Amino acid sequence: SQNIEGPLLFFSDNSLFKMMSHKQLEKQQNQQLDEISDIAASLQGSAVRIGDELDSQNDMIQQLDTEVDRANDKMSFVMKKVGLLLKTSDRGQICLILMLLLILGVLCFFVFYT
């Protein structure tokens, strides 16, 4: 005769069930911790790439700032010279400036509209 109570006692043992449940819970927690670790590593990689991109863009902005300062210095020089030319009372220089402006306008017209 087989002992049927043996297997029933095995599964009805509360401490064994708790131990199995505890092991399953521990395994599940370890899997979740592994997932969190993978996500944190991915976020770190993204943060490093973002930092590198910000450094690169900061360098480009500094270069642009230098070029704008240089262009501003040149424009100030030209504006001073134009101011000196406009203060002159020499009719010949004023006529020459007007003719050059007219030629510039015609050239711009041809460049943009042809």
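The numbers attached to residues start from 1 for each chain and follow its sequence in the written order. Only residues with pLDDT of at least 70 are given local features in this predicted model, and only at 80 or more are side-chain atom pairs given and counted; all residues enter the totals for whole chains, interfaces and linings. Each side-chain value is worked out from all heavy atoms of the structure, with water and hydrogens disregarded.

**Quick notes on the overall build of the chain**
Which entries qualify depends on this criterion: Every helix listed is a DSSP run of H or I at least four residues long, and every strand listed is a run of E at least two residues long, numbered separately from the N terminus. Partly exposed residues are those whose accessible area sits between 20% and 50% of the maximum for their type, while under 20% is buried and over 50% is exposed, using a 1.4 Å probe and protein chains only. Note on areas: Shrake-Rupley with a 1.4 Å probe; residue coverage comes only from the protein chains shown.
If you tally the helices and strands in the chain, you get three helices and zero strands. Along the chain direction, N to C, the helices and strands of the chain fall in the order α-α-α. By the burial criterion, 1% of the 114 residues in the chain qualify as buried. Working note: accessible area of the chain is about 10,900 Å², and carbon and sulfur atoms make up 64% of it.

**Examining the packing of aromatic side chains**
Keep this limit in mind: Any Phe, Tyr or Trp ring, taking Trp's six-membered ring, that has another such ring centre within 6.5 Å forms a pair; planes under 30 degrees apart are called stacked, those over 60 apart edge-to-face, and the others tilted.
Taken as a whole and assessed by the stated rule, the structure comprises two aromatic pairs. On the basis of an interplanar angle of 35 degrees and a centroid distance of 5.3 Å, the ring pair of F109 and Y113 is categorised as tilted. With F109 and Y113 both in helix α3 (residues 91–113) and four residues apart, this pair spans about one turn of that helix. A relative accessible area of 46% means that F109 is categorised as partly exposed. Chaining the aromatic ring pairs together yields one cluster made of F109, F110 and Y113.

**Quick word on the confidence of the model for the chain**
Basically, it comes down to this: For every residue, the pLDDT score states the predictor's confidence, bounded by 0 at the bottom and 100 at the top. Two residues form a contact once any of their heavy atoms are found within 4.5 Å.
Residues with a pLDDT of 70 or more make up 82% of the chain, whose mean pLDDT is 82. Across residues 1–11, where pLDDT falls below 50, the model places one contact with residues more than four positions away in sequence or in other chains.

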